[in-house]
Amino acid sequence: MLAEYAGVSEENLLVGNGSDELIYYLTLAVGEFYMPVFIPVPTFPMYEISASLFGRPLVSVELDEHFDLPLEESLKKVEEEKPVLAFFAYPNNPTGNLFTRYKIERLREEGLFCVVDEAYYEYSGESFKDEALGRTDTVVLRTLSKIGMASLRVGYMIAHEAVVKEIKKAKLPFNVSGPSQVLARVLLTEGRAFLEEKVKEVVAERERLFDELSKMPLVEVFPSRANFLLFRTPFPARELQQELLKRGVLVRNVSYLPKLSRCLRVSVGKPEENDAFLNALDESLKALSERY
Ligand SMILES: *Cc1c(COP(=O)(O)O)cnc(C)c1O
């Protein structure tokens with residue numbers, strides 16, 4: 001059922017208890033523990049958490065001003081520190097953008113085993129799937145978590161048969177529960193049309209929200225291919241978060257991350273939720289403007 005949904009054969013799939021579990025297995029299975037793991041920052045925290053669980057050194061590079069991979073610096077670090085495994089969230093979380101495809105491919109030429117984490121694939125439509133099927137140095141991770149089923153804990157890896165076979169050796173038996181498998185099946189069969197409708201709505205709303213935020217003079221919003229938007233204001237993110245919360249809207253403060261000072265991340269919701277957010281943001285910015 002997942003194979004059909006992803007458009008691949010069963011032999012090219014490995015299912016995990018969320019893609020987090022697959023990140024853990026990949027960190028365990030690819031290379032020796034003394035061999036470093038390459039990540040751009042800021043990115044999804046699980047890569048770093050997994051690496052430190054196994055005591056693996058990290059090689060990290062800060063994203064450039066467009067939140068893209070800094071290629072020259074990355075190549076230099078790869079040459080110096082010789083990481084063997086790399087994680088690329090594609091689109092990246094929490095910035096929402098897709099890294100330039102060529103940059104990932106160029107880094108791969110240096111011998112990196114590339115994990116392309118497509119948790120938001122449904123919202124981006126861009127993929128490394130064909131490369132994951134045709135090569136043994138690239139795998140794709142996907143999940144049902146970002147299409148409304150996070151508590152099911154169903155993630156999957158798309159990879160060459162030989163890679164699936166190797167990573168499977170690290171896997172615990174029965175890692176995904178029966179009830180989760182049953183519900184995933186229902187979601188992807190009977191729920192499929194509903195799911196696709198929802199994804200379409202979120203993509204349309206993401207674009208609308210982007211346009212509306214772009215019009216607000218105190219807001220700098222960044223283009224996103226995921227189901228959230230990252231934005232920056234002149235005010236301390238914590239205070240803006242509090243002001244929004246007072247008005248019944250919860251957003252994520254990501255301003256503590258490198259490159260993301262004064263940034264917040266908002267999930268795209270239903271049209272009425274997005275309207276409520278826009279109103280609350282407008283009021284909050286006015287309140288903060290009087291204070292600062
Ligand atoms: C949410 C997210 C995940 C986690 O997915 P699970 O399947 O819930 O473990 C993995 N990668 C990225 C980039 C995410 O944003």
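Quantities reported herein were computed from a predicted structural model and do not represent experimental measurements.

Engineer: Describe the pattern of salt bridges, and please don't skip the residues or the numbers.
Structural biologist: For the coordinates displayed, the defined rule picks out 26 salt bridges. Among the ionic pairs, Glu 80 bridges to Lys 76, the shortest N-O distance being 3.7 Å. Of this pair, Glu 80 and Lys 76 both sit in helix α4 (residues 71-81), four residues apart, which is roughly one turn of the helix. Put simply, Arg 208 and Asp 275 hold a salt bridge, and the shortest N to O gap is 3.0 Å. Remark: Asp 275 occurs in helix α12 (residues 271-291) and Arg 208 occurs in helix α10 (residues 192-215); sequence separation between them is 67 residues. In this structure, a network of salt bridges that share partners links the residues Glu 239, Glu 243, Lys 246, Arg 247, Glu 283 and Arg 291.

Engineer: Help me get a handle on the pairing of strand β2 (residues 37-41), residues and values and all.
Structural biologist: β2 sits mainly inside the fold: five of its five residues count as buried. By the alternation rule, side chains of β2 split into Val 37, Ile 39 and Val 41 and Phe 38 and Pro 40, which are all buried. Taken together, the five bridges between β2 and strand β3 (residues 58-62) define a ladder with parallel strand orientation. Each residue of the ladder has a partner; that of Val 37, found in β3, is Leu 58. Across two bridges, the pairing between β2 and strand β4 (residues 85-89) is parallel. Among the inter-strand pairings, Phe 38 is bridged to a residue of β4, identified as Ala 86.

Engineer: Which residues make up helix α11 (residues 237-246), and what values go with them?
Structural biologist: Since one α-helical turn is 3.6 residues long, residues separated by three or four positions face the same way. Looking at α11, one finds that the buried residues are Ala 237, Leu 240, Gln 241, Glu 243 and Leu 244. Projected down its long axis, α11 shows its buried positions confined to an angular sector of 160°, all on one face. Exposed side of α11, more than 90 degrees from the buried face: Arg 238 and Lys 246 are the residues found there. Where α11 is buried, its residues touch β9 (228-232), β10 (252-253), β11 (263-267) and α12. With its phi angle positive at about 80°, Gly 248 sits one or two positions after the end of α11.

Engineer: Can you tell me about the sheet that holds strand β8 (residues 220-222), naming the residues and giving the values?
Structural biologist: Note on sheets: strands pair through backbone hydrogen bonds, and any given pair is parallel or antiparallel. With respect to topology, four strands assemble into an open sheet ordered β8-β9-β11-β10, the strand pairing being antiparallel. This sheet does not close on itself; its edge strands, each paired only once, are β8 and β10. Here β10 runs beside β11; their pairing, made up of two bridges, is antiparallel. Bridge assignment links Asn 253 to a residue of β11, and that residue is Leu 264.

Engineer: Please give an account of the packing of α10 against α12 that cites residues and values.
Structural biologist: At their nearest, the axes of α10 and α12 sit 10 Å apart, and the two run at 15° to each other. Of the possible angle classes, the one that applies to α10 and α12 is roughly parallel. The handedness of the crossing between α10 and α12 comes out as right-handed. Touching Glu 201, Glu 205, Arg 208, Leu 209, Glu 212 and Leu 213 of α10 are Pro 271, Asn 274, Asp 275, Phe 277, Leu 278 and Leu 281, all from α12.

Conventions adopted
- Residues numbered from 1 in each chain as written.
- Predicted model: local features only at pLDDT ≥ 70, side-chain atom pairs only at ≥ 80, totals over all residues.
- Heavy atoms only, no water.
- Salt bridge = Lys/Arg side-chain N within 4 Å of Asp/Glu carboxyl O.
- Helix = DSSP H or I, 4+ residues; strand = E, 2+ residues; numbered from the N terminus.
- Buried < 20%, exposed > 50% of the residue type's maximum accessible area, 1.4 Å probe, protein only.
- Pairing = 2+ DSSP bridges.
- Arc of directions from axis to C-beta.
- Contact = heavy atoms within 4.5 Å.
- Axes fitted to C-alpha atoms, helices over the stretch in contact; angles between N-to-C directions.
- Parallel < 35°, antiparallel > 145°, perpendicular 65-115°, else oblique.
- Left-handed = near helix turned anticlockwise from the far one by under 90°.

By themselves, these figures tell us nothing about what the structure is for.
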